[in-house]
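# Structural overview
What follows is the residue order along each chain.
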Amino acid sequence: MAARRRPTATTGTRPRSNHTLETALAALRDLALFLVDERDKNDWALVDVHDVEAFLSTLAKGRKRRRTVLRQFFRFARPQKMLLVDPTRELVEKEINGFRGQTLAFDQQRELFRRWATDKHVHPHEAVMGMLALLHGASSSEMRMLKMDDIDQQAHTVRLGKRPHPAPCDPAS
């Protein structure tokens, strides 16, 4: 535990939790098992970028976290002379920008729109936040950072986050 605290004292961060360490070690264990069972490789020096790609494609949900752990490991292993070339250096990941979660069905969206636009008992904050999310795809962080200066009442626009153009406001919002 003291060894985990030492580097964090100089950087002012907190040490990694046990869960974080266990997750990272599990990813390395899974890679080692994959290399032995699927690729018939028994040495870290034999690992190449194709092996890493194949391993990352086995579990799409944890791909980003596993890629990060593998990069950290191979960055550590190369100076230790465990391998000559870092196989994750040429690993290019094309992140898909934008929302990837679940959305509401159209009838649910229509119901919420009607509620926020016509119901007099709905709190105004709920209505405006709901309309910004529903009509403009505003994220929770964009709405949290919203300031009065971001609203242009003359032009009927709202500047959301770091978007290049202000979002036009319709009569409902």
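About the cut-offs
Residues numbered from 1 in each chain as written. Predicted model: local features only at pLDDT ≥ 70, side-chain atom pairs only at ≥ 80, totals over all residues. Heavy atoms only, no water. Helix = DSSP H or I, 4+ residues; strand = E, 2+ residues; numbered from the N terminus. Buried < 20%, exposed > 50% of the residue type's maximum accessible area, 1.4 Å probe, protein only. Contact = heavy atoms within 4.5 Å. Areas by Shrake-Rupley, 256 points an atom, 1.4 Å probe, with all protein chains shown as cover. Phe/Tyr/Trp six-rings, centres within 6.5 Å; stacked < 30°, edge-to-face > 60°. Axes fitted to C-alpha atoms, helices over the stretch in contact; angles between N-to-C directions. Parallel < 35°, antiparallel > 145°, perpendicular 65-115°, else oblique. Left-handed = near helix turned anticlockwise from the far one by under 90°. Nonpolar A, V, L, I, M, F, W, Y, C, P; charged D, E, K, R; others polar. Core = buried A, V, L, I, M, F, W, Y, C linked by side-chain atoms within 4.5 Å. Pairing = 2+ DSSP bridges.

### Quick look at the overall build of the chain
Secondary structure summary: the chain contains 7 helices and 3 strands in total. Ordered by position in the sequence, the α and β elements of the chain form the string α-α-α-α-α-α-α-β-β-β. Per-residue burial over the chain gives 25% buried out of 173 residues. By sequence separation, contacts in the chain at least 24 residues apart represent 36% of the contacts at least 6 residues apart. Of the accessible surface of the chain, which amounts to about 13100 Å², a share of 55% is contributed by carbon and sulfur atoms.

### With respect to the packing of aromatic side chains
In the structure shown here, the tally under the stated rule is 4 aromatic pairs. Taken together, a centroid distance of 5.7 Å and an interplanar angle of 55 degrees make the contact between Phe34 and Phe55 tilted. Of the two residues, Phe34 is situated in helix α2 (residues 18-37) and Phe55 in helix α3 (residues 49-56); the sequence distance between them amounts to 21 residues. Given a relative accessible area of 12%, Phe34 falls into the buried group.

### A word on the packing of α2 against α3
The packing of two helices is summarised by the inter-axis angle and the distance between the axes. α3 packs onto α2 with a crossing angle of 115 degrees between their chain directions and a minimal axis gap of 10 Å. Comparing their axes, α3 and α2 come out roughly perpendicular. Viewed along their axes, α2 and α3 form a crossing whose handedness is right-handed. Each of Ala27, Asp30, Leu31, Phe34 and Leu35 in α2 lies in contact with α3, whose residues at this interface are Asp51, Ala54 and Phe55. Class assignment for the residues of the contact of α2 with α3 results in 6 nonpolar, no polar and 2 charged.

### Points about the nonpolar core
In terms of nonpolar packing, the biggest core is built from 19 residues, with Leu31, Val52, Phe55, Leu56, Leu70 and Phe74 touching the most fellow members. For this core, the elements supplying multiple residues, two or more each, are α2, α3 and α4 (63-77). Take this core: its biggest share by element is 6 residues, from α2. When sequence neighbours within four positions are dropped, the list of residues in contact with Phe55 reads Ala27, Asp30, Leu31, Phe34, Arg66 and Leu70. Of all hydrophobic cores here, the second largest spans 6 residues; its members include Leu132, Ala138, Met143 and Leu160.

### Some details on the environment of Asp48
Here Asp48 is to be found in the loop between α2 and α3. Asp48 sits in the partly exposed class, given a relative accessible area of 29%. Once the C-alpha coordinates of Asp48 and Glu90 are considered, the two residues, 42 residues apart in sequence, prove to be 9.9 Å apart. Apart from the residues lying within four places of it in its own chain, the contact partners of Asp48 are Lys41 and Pro87.

### Let's talk about the sheet that holds strand β3 (residues 167-168)
What the 3 strands build is an open sheet, ordered β1-β2-β3; its pairing is antiparallel. Looking at which strands have only one partner, the edges of the open sheet turn out to be β1 (151-152) and β3. Across 2 bridges, strand β2 (residues 157-158) lies against β3 in antiparallel orientation. Bridge assignment links Val158 to a residue of β3, and that residue is Ala167.

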